[in-house]
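Notes for the structure review
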Amino acid sequence: MKGQTRAQQRALEVYARVRAVRDEHPGLCAEYKPRVNGLGAAVLRDGLAAALSFLEREVQSNDAAQRLMKDLTWCLERAEMPGLSPRELKDKGGLPGAVRGLGLSEYMLATREALRLLVWFRRAVQVTFPTEARGDA
């Protein structure tokens, strides 16, 4: 089989990004993981724009938030979503600004794609990051 489904492409891209966090910045793992786990729930609860705004607020002071924003942006760029091309992302000041400027149809598409990516991010983090030491439970 030569081709790949979009789900396979998402998985490969996300796993590569998460492995890079583990291998290049192992100190970020402890803070990256809860942000990945919380972002999907925040998108479902508050919407994509609000969830990204919350993450954007943390980007200046937190390396893990900055890395997650960079990784999610990278993946969404490659998904070729309307309104989220590399040029549009640059012109609107990054992913949060570009998402806030989307029309309703594009916003709904971007939300669904982000949720699909975040599922893969959660899976990748669970499998890739070292597990915390557990007590004798």
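The model shown is predicted, which means the values in this text are computed figures rather than measured ones. (Residues numbered from 1 in each chain as written. Predicted model: local features only at pLDDT ≥ 70, side-chain atom pairs only at ≥ 80, totals over all residues. Heavy atoms only, no water.)

Here we look at the confidence of the model for the chain
On average, residues of the chain score 89 in pLDDT, and 94% of them are at 70 or above. Across the chain, the secondary-structure element scoring lowest on mean pLDDT is helix H5 (residues 86–91), at 86, and the one scoring highest is helix H7 (residues 104–128), at 95. Overall, residues 133–137 carries pLDDT values under 50, and its contacts beyond four positions in sequence, including any with other chains, amount to 0 contacts. (pLDDT = per-residue confidence, 0-100. Helix = DSSP H or I, 4+ residues; strand = E, 2+ residues; numbered from the N terminus. Contact = heavy atoms within 4.5 Å.)

Section: the pattern of salt bridges
Taken as a whole and assessed by the stated rule, the structure comprises 11 salt bridges. Between Glu58 and Arg35 there is a salt bridge whose closest N-O contact spans 3.2 Å. Here Arg35 lies in helix H2 (residues 29–46) and Glu58 lies in helix H3 (residues 48–59), a separation of 23 residues in the sequence. Residue Asp46 is joined to Arg45 by a salt bridge in which the shortest nitrogen-to-oxygen separation is 3.4 Å. Taking the relative accessible area as the measure of exposure, Asp46 reaches 43% and is therefore partly exposed. Salt bridges sharing partners connect three or more residues here, namely Arg6, Arg10, Glu113 and Arg116. (Salt bridge = Lys/Arg side-chain N within 4 Å of Asp/Glu carboxyl O. Buried < 20%, exposed > 50% of the residue type's maximum accessible area, 1.4 Å probe, protein only.)

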